[in-house]
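Summary of the model geometry
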Amino acid sequence: MTTDERDGRIPVAILGATGAVGQRMVSLLAGHPRLRLAEVAASERSQGKTYLEATRWILPGDVPEEARGFVVKAVEDPLESRLVLSALDAKVADEVEPLQASRGKLVVSNTKSFRMQADVPLLIPEVNADHLALLDRQGWAAAGGGIVTNPNCVVVGLAMALAPLHRAFGLEAVCVTTLQALSGAGYPGVPSLDSQGNVIPFIDGEEEKIETEPGKILGTLDGGRVVPADFPISVSVNRVPVRDGHTESVFVKLSRKASLGEIREALEGFTGEPQRLGLASAPPRPIVVRDERDRPQPIRDVEAGHGMVVTVGRLRPDPVYDVRFSLLVHNTVRGAAGAALLNAELLAATGRL
Ligand SMILES: NC(=O)c1ccc[n+]([C@@H]2O[C@H](COP(=O)([O-])OP(=O)(O)OC[C@H]3O[C@@H](n4cnc5c(N)ncnc54)[C@H](OP(=O)(O)O)[C@@H]3O)[C@@H](O)[C@H]2O)c1
């Protein structure tokens, strides 16, 4: 284990540390019991400045004390930390993540670049922790490096809710309409005149990701490759004037009929390796089901479980599919930075760091 000699925590480098997701990573690492922020990197615009000077902080409160003085590096620079969290734009990640992996770094990526590559785990630790075995098949393994990815932010919430239903009853078909927060577009993101008092029924490339990624996540590992779960997903996405939290209206056709009580029990009882291992970012119950007729709502529920809980509500029968519900996922925490930290905690707990 590559722990820090000073306090026993594992040093971490963040690529894209100044952006919306990178800032969440910095914030979640402050005071983390197992991981310690050690290096930050971003674009040419930020290089050579201190993190405080380079960052337009968009989270509540101030830039964490421990991050302020770091001098921002270039993302291609040699790094001291073996663990690298990446919150880069895909165009940059395409080149930089393999470069760092080839130098023996374990890169935990938020970016779409390698999610669907056959030998790259697309990980939600509660759902498919066993897919980490793919790391041993990567070309970078010879140098001690590798790439692990977390899914698209909508997909994290969707796949977490579908996983217990898939296990208990099987999935025949899924339909989902999204209402996605502005922070999902990064900073500065969508211009205010386009977003305020408006709904934009298009997010470039998003529907393709939501239709393909869940099959890989819910797939089974067989002979060193993932056999995707086989059910169609129909998606319609919208950008809405919400700051944080993606809402999803989900309609599910099951392979085996189940009562609402059985469905609720499957959702509420869902746990996985993070709970068994007691990982620092893992909520005891990753899915919370609410009974109020008007929940979940982003302003009320997005911080559930420090942003790591997926909140399900409006669970009811459906006359076309079998069941329908609304879910809420914190897009920059469970859908991005928190997901990356949980992946890193799993890597550490399973002896890969
Ligand atoms: N926002 C979300 O909810 C969310 C959720 C899941 C996944 N993601 C994914 O996470 C990644 C980051 O998203 P974000 O929302 O944080 O974006 P963002 O706010 O635009 O931040 C982008 C980061 O990348 C750096 N960067 C940009 N161009 C670069 C270059 N040419 N070379 C080196 N660094 C460069 C920026 O540094 P400077 O500040 O120096 O320009 C900044 O740190 C994206 O791939 C996105 O798809 C986002």
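Note that this is a predicted model, so its numbers are computed, not measured.

1. Remarks on the environment of Asp294
- Its location among the elements puts Asp294 in the loop between β12 (287–289) and α11 (298–301).
- Accessibility expressed as a C-beta count within 10 Å gives 10 for Asp294, which makes it exposed.
- When the C-alpha atoms of Asp294 and Ser326 are compared, they prove to be 9.9 Å apart, with 32 residues separating the residues in sequence.

2. What about the domain arrangement of the chain?
- Entries for the chain in the domain assignment read domain 1 (10–152 + 337–349) and domain 2 (153–330).
- Each of domain 1 and domain 2 was reduced to a C-alpha centroid, and the two centroids are 24 Å apart.
- Contact with domain 1, which involves 32 residues of that partner, is made by 33 residues of domain 2.
- Those elements giving two or more residues to the side of domain 1 that touches domain 2 turn out to be α5 (125–128) and α12 (333–349).
- With seven residues, α12 is the largest single contributor of residues to the side of domain 1 that touches domain 2.
- Of the residues in the side of domain 1 that touches domain 2, the class split is 17 nonpolar, seven polar and eight charged.

3. Considerations on helix α8 (residues 206–217)
- Taking 1.5 Å per residue, 12 residues should reach 16 Å; α8 reaches 17 Å between its end C-alpha atoms and fits that length.
- Within α8, the full set of buried residues consists of Glu206, Lys209, Ile210, Glu213, Pro214, Gly215, Lys216 and Ile217.
- Its buried side turned inward, α8 meets α5, α6 (153–169), β7 (171–179), β9 (225–227) and β10 (233–236).

Parameters and conventions
- Residues numbered from 1 in each chain as written.
- Predicted model: local features only at pLDDT ≥ 70, side-chain atom pairs only at ≥ 80, totals over all residues.
- Helix = DSSP H or I, 4+ residues; strand = E, 2+ residues; numbered from the N terminus.
- Buried ≥ 20, exposed ≤ 12 C-beta atoms within 10 Å, placed from the backbone.
- Domains from an automatic or database assignment.
- Contact = placed C-beta atoms within 7 Å.
- Nonpolar A, V, L, I, M, F, W, Y, C, P; charged D, E, K, R; others polar.
- Expected span 1.5 Å × (residues − 1).

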